Amino acid sequence: MTNTMWGGRFAEAPDAVMEDINASIDFDKALAEQDIAGSRAHALMLADQGIISAEDAKRIVAGLDKIASEIAAGTFTFSRALEDIHMNIEARLAEIIGEAAGRLHTARSRNDQVATDLKLWVRDAIDELDEQLHTLQEALAEKAEAHADAVMPGFTHLQSAQPVTFGHHLLAYVEMLQRDRDRFADCRRRLNTCPLGAAALAGTAFPIDRQATASALGFDGPAANSLDAVSDRDFVMEALAAASISAVHLSRFAEEIVIWSTAQFGFIRLSDRFTTGSSIMPQKRNPDAAELVRAKTGRIVGALNALIVTMKGLPLAYSKDMQEDKEQVFDALPSLSLCLAAMTGMVSDLTVDKNAMREAAGAGYSTATDLADWLVREAGLPFRDAHHVTGRIVAEAEARNVALDVLPLDVMQSVHPAISKAVYDVLSVEASVASRTSEGGTAPENVRKAAKAWRARLADGAG
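Source: prediction; values computed, not measured.

## Some words on the environment of Met 152
- Mapping Met 152 onto the fold places it in strand β1 (residues 151–156).
- Sequence spacing of Met 152 and His 169 is 17 residues, and the spatial spacing of their C-alpha atoms is 9.1 Å.
- Setting aside residues no more than four positions away along its own chain, Met 152 makes contact with Gln 162, Pro 163, Val 164, Thr 165, Phe 166, His 169, Trp 260, Phe 267, Met 357 and Ala 361.

Set out below in structure tokens:
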């Protein structure tokens, strides 16, 4: 039996292997809602233009509504023999309304149809991700304000560098997530042109109204070039690129959560809701949610790489290779969504051990830069000289196994006589963070102000 959707060109049915490699319904059924929306808009436009009758358009729309209800109820039967979501819906439409169903495909191709469906799907996914990013920002900003003065070590090379506050650290991720939202917004703006009406690749001779279908589907207008309209998948690559960068941000934070929750650090404690136990070690509290956020970054970045490699050698316009664009994005964007939900839950629930953070903040001579800065301000040394003097003082403190703020004054004066007891005013970790009042610095007053500003901005729905 030939495939009835192909008409009379083929005399034999496809081989079973051909059916397996060619069918996409197993994954592109995710486009059902978007496919039905596009078909409704197309049918109504055809009727408005006098290309099909108003009665046929009415029957088509009613049939599509019935199919949508069947899919929502789980009673729709998807057939691999019909290859994809477009043919499955068209075949069922024919069963429901008869001959009129055959008029729906007038002046369009599966090429512009699938491009439209996929743009609608990606656009919907971006809108959902933006809302989730916004929610995570709110959780971070709220936690940052609550811990604006909680001193912790700031690291470079994962070595103690200078004291910062926990609130300041969290606000760094609020900034990153805002850039993620901006990237997704840029992607959404660029993708928002409608491929419908490009047909297979050259447009159509029917007097269609592409502005009408674009408007009905919420696009800014029609895609300007029919070849580009059906062969463009850079909107998917751009969405995956934005998702990959966002996933990397979440992965970095997840790694810190894993480190901070260890007994060796003990900075934070995750709730039971986002940890698991061990099958053999009853004492364990494993940060599995954070670890899985970290791991899922690989599959999201992999999806981007896979699509780029698929597209890199394709001539215009459509090639069947482009069927491979969907599984990656259908997996990657929901994976990012799951990561965002998990991260928001962890941030909202985690508790902070300020004492552990404070103790760690003073380790590793983290206020050495404050000593060097004091020598520049108060003793008039060039910074490079102050850096050298400070290094020698740190060595003295290390030899005595004491912190800088308890190193005897005479020891420091033996390195440089201009040092006075006033130096102790800058050597505590609290004094260090309080002094960092430059714009964007970690001083608690800065952090409170920034956190309040972010919370107000996010409460207004801005981003």
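## A word on unusual backbone geometry
- The omega angle of the peptide bond from Leu 316 to Ala 317 is 10°, so this bond is cis rather than trans.
- Note that Ala 317 resides in the loop between α11 (288–311) and α12 (326–349).
- Here the phi dihedral of Leu 158 falls at roughly 60°; this positive angle occurs in a residue that is not glycine.
- Within the secondary structure, Leu 158 sits in the loop between β1 and β2 (159–165).

## Quick look at the pairing of β2
- Inspection of the sheet shows β1 paired to β2 by 6 bridges, in the antiparallel sense. Across the sheet, Phe 155 pairs through a bridge with Ser 160, a residue of β2.
- Taking the residues between adjacent antiparallel strands as the criterion, β1 and β2 are bridged by 2 residues, where His 157 takes a positive phi near 60°.

## Digging into the nonpolar core
- Core analysis: the largest hydrophobic core is formed by 97 residues, its most contacted members being Phe 166, Ile 268 and Met 343.
- The greatest single-element share of this core, amounting to 14 residues, is contributed by helix α10 (residues 234–260).
- In contact with Met 343, not counting residues within four places along its chain, are Leu 136, Leu 250, Phe 253, Ala 254, Ile 257 and Val 293.
- Core analysis: the next-biggest nonpolar cluster, separate from the first, contains 21 residues, Trp 374, Val 394, Leu 407 and Ile 419 among them.

## Details of the side chain of Thr 213
- Along the chain, Thr 213 falls in helix α8 (residues 210–216).
- Among the polar contacts listed, one links the side chain of Thr 213 to the backbone oxygen of Arg 210, at a separation of 3.1 Å.
- Every residue in contact with Thr 213, bar those within four places of it in the chain, is listed here: Ala 41, His 42, Met 45 and Leu 196.

Conventions adopted
Residues numbered from 1 in each chain as written. Predicted model: local features only at pLDDT ≥ 70, side-chain atom pairs only at ≥ 80, totals over all residues. Heavy atoms only, no water. Helix = DSSP H or I, 4+ residues; strand = E, 2+ residues; numbered from the N terminus. Contact = heavy atoms within 4.5 Å. Pairing = 2+ DSSP bridges. Core = buried A, V, L, I, M, F, W, Y, C linked by side-chain atoms within 4.5 Å. Buried < 20%, exposed > 50% of the residue type's maximum accessible area, 1.4 Å probe, protein only. Polar contact = N/O pair within 3.5 Å; in protein donor to acceptor, adjacent residues only side chain to side chain.

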